[in-house]
Amino acid sequence: MKRISLEQLILAALCCDFGLVAKKLISPAANIVTEFLHIPGGISTSFSLMFLVTGAALIKRRGCATLMAVIQSMLAFSFGMTGSMGALAPIAYILPGIMIDICLAISQKIYAGPTSGILGASVSSSVCACLAANILVFRLSGIVLLLYVFVSATSGSVCSLIAYTLVERLDPLIEKNICKENISA
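In this numbering scheme, every chain counts its residues from 1 along its sequence in written order. The predicted origin of the model limits local features to residues at a pLDDT of at least 70 and limits the giving and counting of side-chain atom pairs to 80 or more, whereas totals for whole chains, interfaces and linings rest on all residues. The side-chain figures draw on all heavy atoms in the structure; neither hydrogens nor water molecules are used.

What am I meant to see in the side chain of Ser 125 here?
Relative to the helices and strands, Ser 125 is located in helix α5 (residues 118-138). For this analysis, a polar contact is any N or O atom pair within 3.5 Å, provided that within protein one partner can donate a hydrogen and the other can accept it, and provided that sequence-adjacent residues contribute only side-chain to side-chain pairs. In terms of polar contacts, Ser 125 uses its side chain to reach the backbone carbonyl oxygen of Ser 122, at 3.1 Å. Once you skip the residues sitting within four places of it in the chain, Ser 125 turns out to touch Leu 49, Val 53, Pro 96, Met 99 and Ile 100. Here a helix means four or more residues in a row that DSSP labels H or I, a strand means two or more in a row labelled E, and each is numbered from the N terminus. Contact between two residues is taken to exist if any of their heavy atoms lie within 4.5 Å; hydrogens are not considered.

What follows is the structure, given as structure tokens:
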């Protein structure tokens, strides 16, 4: 197995940071939609998870999204960004990371393109985060839970379009840089 490069580690760290910052930036606008629908959230979480999906798709290492989710949960916990989950927040951060890794691994077995599995990873991780938050804190049921899951899945699919574009544009640059490293080594 090849070693992970410094550039890949920096990319993973940036994706963790961008995810946390993006969640704080988009939350006020997302809260307008979720308060209108009377559901807890899901939109800003999907936007935050988009950076984990992008990082994992670009780095192409097994377990990368889970590792980034663990780091992101530690950062969120240390910055006091746990929201209503409190000490259980790391669970809600790590489970979507595991889901991203599973979806990307399955899609890479079927089709080995750099953008394969982004939609599935984004939607499933958003739904996983929504269900984890529901189990840990909200305890919604019926139509309200269904609406919460639908909003999370929809925002996950919209964010997957952004992630797809980012991966499509950044992957050639990263591959070019890795090839240049291999030639000089």
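What follows continues from the structure just given.
Is there a simple way to think about a nonpolar patch on the surface in this case?
What goes into a patch is any residue over 30% in relative accessible area without a salt bridge, connected to like charges within 9 Å or, for nonpolar side chains (Val, Leu, Ile, Met, Phe, Trp, Tyr), within 5 Å. For the area figures, the Shrake-Rupley method with a 1.4 Å probe applies, and any residue is considered shielded solely by the protein chains shown. Put simply, a salt bridge is a Lys or Arg side-chain nitrogen that is within 4 Å of an Asp or Glu carboxyl oxygen. A cluster of nonpolar side chains, namely Leu 88, Ile 91, Leu 95, Ile 98, Ile 102, Ile 106, Ile 110 and Tyr 111, defines an oily patch on the protein surface of about 760 Å² accessible area. If you trace the backbone, Ile 98 turns up in helix α4 (residues 89-110).

What should I look at first to understand the pattern of salt bridges in this one?
Side chains that carry opposite charge are capable of pairing whenever their charged atoms lie near each other. Scanning the entire structure with this criterion turns up one salt bridge. The shortest N-O distance in the salt bridge between Asp 171 and Lys 60 comes to 2.6 Å. Separated by 111 residues along the polypeptide, Asp 171 in helix α6 (residues 142-184) and Lys 60 in the loop between α2 (43-59) and α3 (64-79) bring together distant segments of the chain.

Please clarify how helix α1 (residues 6-37) should be interpreted in this entry.
Every α-helix winds through 3.6 residues per turn, so residues three or four apart in the chain are directed the same way. One less than the number of residues in a helix, times 1.5 Å, gives the span that helix is expected to have. Its 32 residues give α1 an end-to-end C-alpha distance of 44 Å, which sits within 8% of 46 Å, the value for a rise of 1.5 Å per residue. Two axes define the bend at a residue: one fitted to the seven residues ending there, one fitted to the seven starting there, and the bend is the angle between them. Most pronounced at Ser 27, the bend in α1 amounts to some 50°, and the proline Pro 28 follows within four residues. Each residue's exposure class comes from its accessible area (1.4 Å probe, protein chains only) as a fraction of the maximum for that residue type: buried when under 20%, exposed when over 50%, partly exposed otherwise. Regarding α1, the residues found buried are Gln 8, Leu 11, Ala 12, Cys 15, Cys 16, Gly 19, Leu 20, Ala 22, Ser 27, Ala 30 and Thr 34.

What exactly am I supposed to notice about the confidence of the model for the protein chain here?
Should the pLDDT be low somewhere, the predicted coordinates at that spot are not to be read in detail. Each residue carries a pLDDT value, the predictor's own confidence for that position, ranging from 0 to 100. Per-residue pLDDT for the protein chain averages 87, and the proportion of residues at 70 or more is 94%. Considering each helix and strand of the protein chain separately, the mean pLDDT is smallest for α6, with a value of 84, and largest for α5, with 93.

Please clarify how unusual backbone geometry should be interpreted in this entry.
Apart from glycine, the bulk of residues carry a negative phi angle, and the bulk of peptide bonds sit in the trans form. Even without being a glycine, Lys 60 presents a positive backbone phi close to 60°. Of note, the phi angle at Arg 139 is positive, near 55°, even though the residue is not glycine. Residue position: Arg 139 is located in the loop between α5 and α6.

Explain the packing of α2 against α3 to me, please; I cannot follow it from the model alone.
What describes two packed helices is the angle between their axes and the distance between those same axes. Interaxial distance between α2 and α3 falls to 9 Å at its minimum, and their mutual angle equals 140°. Considering their axes alone, α2 and α3 lie oblique with respect to each other. Once α2 is placed against α3, the crossing between them reads as right-handed. In contact with Ser 48, Leu 52, Gly 55, Ala 56 and Ile 59 of α2, α3 contributes Cys 64, Ala 65, Met 68, Ala 69 and Gln 72. The residue inventory of the contact of α2 with α3, partitioned by class, reads seven nonpolar, three polar and no charged. Convention adopted: a line fitted to C-alpha atoms gives each axis, helices being fitted over their contacting stretch, and angles between N-to-C directions are expressed from 0 to 180 degrees. These descriptions rest on fixed angle ranges, namely under 35 degrees for roughly parallel, over 145 for roughly antiparallel, 65 to 115 for roughly perpendicular, and the rest for oblique. Handedness of a crossing follows from how the near helix is turned relative to the far one, being left-handed for an anticlockwise turn of less than a right angle and right-handed for a clockwise one. Only Asp, Glu, Lys and Arg are considered charged in this grouping, and only Ala, Val, Leu, Ile, Met, Phe, Trp, Tyr, Cys and Pro are considered nonpolar; every other residue, Gly among them, is considered polar.

When you look at the packing of α4 against α5 in this model, what are you seeing that I'm missing?
Contact geometry of α4 with α5 gives a least axis separation of 8 Å together with a crossing angle of 155°. It follows from the interaxial angle that α4 and α5 lie roughly antiparallel. In the crossing of α4 with α5, the sense of the turn from one axis to the other is right-handed. Packed against α4, whose contacting residues are Ile 91, Ala 92, Leu 95, Pro 96, Met 99, Ile 100, Cys 103 and Leu 104, the element α5 presents Ile 118, Gly 120, Ala 121, Ser 124, Ser 125, Cys 128, Ala 129, Ala 132 and Leu 136 at the interface.

Whenever I open this one, the environment of Thr 115 confuses me. Can you help?
Topologically, Thr 115 is positioned in the loop between α4 and α5. Here the alpha-carbon distance between Thr 115 and Ala 65, two residues 50 residues apart in the chain, equals 15 Å. Beyond its immediate sequence surroundings of up to four residues, Thr 115 is in contact with Tyr 164, Val 167 and Glu 168.

Looking at this structure, how should I read the nonpolar core?
For soluble globular proteins, the rule of thumb is that nonpolar side chains tend to be buried together. Counting 28 residues, the largest nonpolar core has Met 68 and Ile 100 as the members making the most contacts within it. At the level of elements, α1, α2, α3, α4, α5 and α6 are the ones that each hand at least two residues to this core. Among the elements that take part in this core, α2 stands out by supplying nine residues, more than any other. Counting residues in each nonpolar core, the second largest holds seven residues, with Ala 30, Cys 130, Ala 133 and Tyr 148 among its members. Buried Ala, Val, Leu, Ile, Met, Phe, Trp, Tyr and Cys residues that are joined via side-chain atoms within 4.5 Å together make up what is termed a nonpolar core.

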